[in-house]
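Spelled out, the chains give:
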Amino acid sequence: MLPHWLPENFDLVVAPALPIASSARFADHTRHQIAVRLLPFLFVLYVTNYLDRTSVAYAGLGMSRDLGFSDKVFGMGAGVFFISYVALQIPGALLVERWSARRMISATMIAWGMLTSLTALVHTPTQLYLARFALGAAEAGFFPGVVVYLSHWFIREDRGKATSNFMAAIPLSFMIGSPLAGWILGHGWFHIQGWRWLFVLEGLPAIVLGAVAFFFLTDTPRQAGWLAPEQREWIDRKLEDEKPAGIGAVSTWQTIRSPLILVLAGLTFLQYFSAYAIVFWMPTMLKRQSGFSDARVGLIGAIPYIVLFVAMLFNGWHSDRKGERHWHAAVPLFISAIGLFALVTQPHSMVLTIILFSIVAIGTAYLPIFWAIPTEFLTASAAAAAVGAINAVGSIAGFAGPYAFGYLKTRTGSFAVGMAVLAVCSTAAGLLLVWSPRKVAGTGKELCPD
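These numbers come from a predicted model, not from an experiment.

A.B. asks: Now, about the overall build of the chain: what can you tell me, with residues and values included?
C.D. replies: Of the regular secondary structure elements, the chain holds 21 helices and zero strands. A sequence separation of at least 24 residues applies to 83% of the contacts in the chain between residues at least 6 apart. Looking at the chain as shown, the accessible area adds up to about 17,600 Å², and 68% of this sits on carbon and sulfur atoms.

Next comes the structure, spelled out in structure tokens:
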């Protein structure tokens, strides 16, 4: 029986493979089938990942109240995660490329789910630091691994949309997680504080989904029993044809040291410095300005992420439609900088504050476009190393940003100075992206010609 996307008189025995693979309906059907199979599941995994990683942002409200943690302790607890996270970025990405994506993703999810739940046992600053350090090590390979994994399945014209659909999990995790976290914080069961339950309940889904990922994911198209043989052949050949030519002699180390990768890593550091400071401090800032309950802070804290969700999906679609990457990644950073500069004034109106935080949140819409860049011009191993290296350098700011922001607040008694620093970082990141090289040194390979 013929598949529904082939004409009724099509002779599979006589017809050569090329006409099948060249059919527009065939190609669209295959691309759609891959997207439907992989993207929703990866999306759910990333929602779970961000819920775990940022649970400390809302748990910090309860920790400060119940354990007496200062802003400095909270900033250190939020940031120490990234010390181990940075150290294992490149090894994690390379394991996905050279070992197995499904095994790596499954193992990291089960490990980080267990560690998140165990963070509920924290009583001292030292215990918090150790728990966050261990969690960073467990999560290190997940994000760069998935970025590389997407390049194994999605052709160039789909990669921006695929990455944006996957990374739309970031705002959605906050849209779901903020109200949920606020509600859990306001409840305690069996004489256990709500923030402890928050860690337990947000860690359990990662354990379950990690086990499911082992059986559900497929490492490469060649192993995909859920695709027809001719579909596997078509997508494999298409991805092979898109591999950059003329860069086989360039080693992974040469790629990492190229001007382009160094610039991308530097601007990632600047943007992560700004983004993670906002992620971890926004609930505290909203709480102190409004005096609202934890549950209400969680509800209003979800609004900026609703805006980001729409912006991220639109930006990925528009970037693929125009075939352009650099400006689509840079413009959200400039928009975010405007919001940060406005927040320096520390407006007294909660409505205005939420609007400005929503403008700031749009900056994260640069991410899916940005991460499509290295996978479009590097070979598989080099792309894995480059993604790991860029994210490693950027993730140093995941420690530096929240800690420095908390330190400046403690020293000055105001969030204004910290906001000004974040605004400068976001502006500089956008400028570096616009001015970044379009080639890898020694390859002559163009990225996305304007």
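Having seen the model, we can carry on.
A.B. asks: So what's going on with the packing of aromatic side chains? Which residues, and what values?
C.D. replies: Evaluated as defined, the whole model comprises 15 aromatic pairs. Considering the side-chain rings of Phe269 and Phe273, the 6.2 Å spacing of their centres and the 40 degrees angle between planes classify their relative orientation as tilted. In this pair, Phe269 and Phe273 are both assigned in helix α14 (residues 259–290), four residues apart and thus about one turn of the helix distant. Accessibility expressed as a relative area gives 25% for Phe269, which makes it partly exposed. Between the NZ or CZ atom of Arg102 and the centre of the ring of Phe214, over which it lies, the distance is 4.4 Å. A cation sits over an aromatic face here: Lys409 above Phe415, 5.4 Å from the ring centre.

A.B. asks: Please set out the environment of Gly301 residue by residue, giving values where relevant.
C.D. replies: Looking at the secondary structure, you find Gly301 in the loop between α15 (294–300) and α16 (303–322). In this structure Gly301 comes out as buried when scored by relative accessible area, which is 0%. Setting aside anything within four residues of it in sequence, one finds Gly301 in contact with Tyr58, Ser178, Met282 and Leu286.

A.B. asks: With reference to specific residues and values, describe the pattern of salt bridges.
C.D. replies: Enumeration over the complete set of coordinates arrives at four salt bridges. As a salt-bridge pair, Arg31 and Asp158 come within 2.7 Å of each other at their nearest N and O atoms. With Arg31 in helix α2 (residues 24–67) and Asp158 in helix α9 (residues 156–167), this pair connects stretches of sequence that are 127 residues apart. The exposure class assigned to Arg31 is partly exposed, which follows from its relative accessible area of 21%. By relative accessible area, Asp158 is classed as buried at 11%. The residue Asp236 makes a salt bridge to Arg222 at a minimum N-O spacing of 2.9 Å. With Asp236 in helix α12 (residues 229–242) and Arg222 in the loop between α11 (194–216) and α12, the pair connects residues that are 14 residues apart, well separated along the chain. According to the relative accessible area criterion, Asp236 is partly exposed, its value standing at 23%. Its relative accessible area of 63% is what places Arg222 among the exposed residues. Bridged by salt links that share partners, the residues Asp28, Arg31 and Asp158 form one connected network.

A.B. asks: Pulling in residues and values, what's your account of the environment of Ala168?
C.D. replies: Mapped onto the elements of the fold, Ala168 is located in the loop between α9 and α10 (169–185). With 137 residues separating them in the primary sequence, Ala168 and Tyr305 have C-alpha atoms 9.6 Å apart. Residue contacts for Ala168: discarding those within four places in its chain leaves Phe43, Phe309, Met312 and Leu313.

A.B. asks: Requested: an account of the packing of helix α17 (residues 326–343) against helix α18 (residues 350–361), with residues and values cited.
C.D. replies: Where α17 meets α18, the axes come as close as 7 Å, and the angle between the chain directions of the two elements is 150 degrees. Relative to α18, α17 is oriented so that their crossing is left-handed. Side by side, α17 and α18 meet where Ile335, Ser336, Gly339, Leu340, Ala342 and Leu343 of the first sit next to Thr353, Leu356, Phe357, Ile359 and Val360 of the second. Its residues placed into classes, the contact of α17 with α18 shows eight nonpolar, three polar and no charged.

The rules we used
- Residues numbered from 1 in each chain as written.
- Predicted model: local features only at pLDDT ≥ 70, side-chain atom pairs only at ≥ 80, totals over all residues.
- Heavy atoms only, no water.
- Helix = DSSP H or I, 4+ residues; strand = E, 2+ residues; numbered from the N terminus.
- Contact = heavy atoms within 4.5 Å.
- Areas by Shrake-Rupley, 256 points an atom, 1.4 Å probe, with all protein chains shown as cover.
- Phe/Tyr/Trp six-rings, centres within 6.5 Å; stacked < 30°, edge-to-face > 60°.
- Buried < 20%, exposed > 50% of the residue type's maximum accessible area, 1.4 Å probe, protein only.
- Lys NZ or Arg CZ within 6 Å of the ring centre and 35° of its normal.
- Salt bridge = Lys/Arg side-chain N within 4 Å of Asp/Glu carboxyl O.
- Axes fitted to C-alpha atoms, helices over the stretch in contact; angles between N-to-C directions.
- Left-handed = near helix turned anticlockwise from the far one by under 90°.
- Nonpolar A, V, L, I, M, F, W, Y, C, P; charged D, E, K, R; others polar.

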